[in-house]
Amino acid sequence: MEKLKFAKDLIKFIDESPSNYFACINTKNILEKKGFSELSEIEEWKLKKGGKYFVTINDSGIIVFTIGSEKISKTGYKIAASHTDSPGFLIKPNPEINRKSFNILNTEVYGGPILSTWFDRPLSFSGRVFVESDNAFRPKKYFINYDKDLFIIPSLCIHQNRGVNDGMAINAQKDTLPLVTITDEKEKFSLKKLLAKQLKVKEDKILSYDLNLYSREKGSLLGANEEFISVGRLDNLAALHAGVMSLVDNKDKKNTCVVVGYDNEEIGSNSIQGADSPTLKNILERISNAMKLSFEEHQQALANSFVISNDAAHSIHPNYLEKSDPTNEPKINCGPVIKMAANKSYITDGYSKAVIEKIAKDNKIPIQTFVNRSDVRGGSTIGPIQQSQIRILGIDIGSPLLSMHSVRELGGVDDHYNLYRLISEFFKK
């Protein structure tokens, strides 16, 4: 696959996935076109060798797998895990605030976004809405992407905030509430009314929602040679996209391969669709059971398995070189990054690094290493959280980014293509 075309395909995927729910919906669309069958957790699974399947977890997590020709107890599971969520803002219940006829929306920060990047740009919302039905446990469910420039978070002008360019503390409850409209006192804005009109349901039947803000600006290629990818939610939809496309394009039928899109990584992964849950453990048990593996054989399968925890990595920054480790300096478009930490905030060790280094070397895929400066505390990801739930060896890798957790992040065209190549070769081993 030509790398520029692959980068454009990623941008399209992200533009059409303004929330974790739509990331799963668009992944399902890709899979169904490639002959994958959807499974339900409440039904018995009947699987077969050569079969291609997926299951969604609470609408915002997804697990995709193909059954290989070899016995799973011998080959193990080849797993590429990522996540569907990105930092930003969620809309609170009862969100309407009216101040001097200005209608603003009450929101809550999700994860760790760079708040300043959300100001002064067109925003809208996306997510799911629940509407009353006859069964309390089966409300009607709607997915919504409000395809219109609707909100904006206006900055305070410099004349009233002279120190703004010297650094400003942003209060998430006061400073980042988006403006919706101006109305008179009799016609205040109602989010439920807008939802009812859009979904063609009665306003008083709307029970609840899970909605997030998103930037309306489309992604693009930029740079003198179109070498950069500029778009929101690269962390971590780029990893999900690379994993899914590696699996659907995989022509090798020997191994049983799995792609996981967890949710809620940005807030600790402690949900049923997050890595800090038994979800993957249970799914692998169901696969082994459907393929008639005994308990002993399933344990052998896990011992033979390997997971790539795939989440965005840091590139060195040309304006802040002092922020990086002096001997491990990953750069955009110089290859996927192996992430390591002495405190095990990443699961990489000497063994797992050797595995990926060998795969990369054999296939002429450039590879880099990231380690935090010893005087800087770094982040973590799904690798160690998942490993606390299920005993599988693995590694943390990711594509190097600039502006991580900004409303618009910057990655490399070559890196995304090489990440796809690396996972593709991993699935064949």
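Everything here concerns the structure above.
The sections below set out a description of the structure shown in this document. (Residues numbered from 1 in each chain as written. Predicted model: local features only at pLDDT ≥ 70, side-chain atom pairs only at ≥ 80, totals over all residues. Heavy atoms only, no water.)

**Examining the packing of aromatic side chains**
Where we set the bar: Ring geometry is summarised as follows: Phe, Tyr and Trp rings, the Trp one being its six-membered ring, pair when their centres sit within 6.5 Å, and such pairs are stacked at plane angles under 30 degrees, edge-to-face over 60 and tilted between the two. In this description a helix means any DSSP run of H or I spanning at least four residues, a strand means any run of E spanning at least two, and both kinds are numbered starting from the N terminus. Categorising residues by exposure relies on relative accessible area from a 1.4 Å probe, with only protein chains included: less than 20% of the type maximum marks a residue as buried, more than 50% marks it as exposed, and the intermediate range marks it as partly exposed.
As enumerated under the stated definition, the model contains 12 aromatic pairs in all. Both rings, one in Phe 89 and one in Trp 118, keep their centres 5.2 Å apart while their planes meet at 80 degrees; by these two values the pair is edge-to-face. With a gap of 29 residues between them, Phe 89 in strand S5 (residues 88–99) and Trp 118 in the loop between strand S6 (102–110) and strand S7 (123–131) connect regions that are remote in the sequence. Residue classification places Trp 118 among the buried positions, given a relative accessible area of 4%. Site record: aromatic cluster; members linked through ring pairs are Phe 306, Tyr 351, Phe 426 and Phe 427.

**Side note on the pattern of salt bridges**
The condition is simple: The working definition used for a salt bridge is a side-chain nitrogen of Lys or Arg within 4 Å of a carboxyl oxygen of Asp or Glu.
According to the stated counting rule, one finds 16 salt bridges in the structure shown. Linking Arg 128 and Asp 210 is a salt bridge whose minimum nitrogen-to-oxygen distance equals 2.8 Å. Of this pair, Arg 128 sits in strand S7 while Asp 210 sits in strand S10 (residues 206–215), and the two are 82 residues apart along the sequence. The exposure class of Arg 128 is buried, given its relative accessible area of 8%. Residue classification places Asp 210 among the partly exposed positions, given a relative accessible area of 31%. Arg 373 is the partner of Asp 375 in a salt bridge, and the nearest nitrogen-oxygen pair spans 2.7 Å. Under the relative-accessibility criterion, Asp 375 is labelled exposed at 57%.

**Examining helix H7 (residues 295–303)**
The test is simple: For this quantity, the arc is that covered by the directions from the helix axis to the C-beta atoms. Contact definition: two residues touch when any of their heavy atoms are within 4.5 Å.
Looking at H7, one finds that the buried residues are Glu 297, His 298, Ala 301 and Leu 302. Mapping the buried residues of H7 onto a view down its axis gives an arc of 145 degrees, with all of them on the same face. In the core, the buried residues of H7 are packed alongside helix H3 (72–75), strand S4 (77–83) and helix H6 (279–290).

**Comments concerning the environment of Phe 125**
Secondary-structure assignment places Phe 125 in strand S7. You can call Phe 125 buried: its relative accessible area is 0%. Along the backbone, Phe 125 and Asn 58 are 67 residues apart, and their C-alpha atoms lie at a distance of 19 Å.

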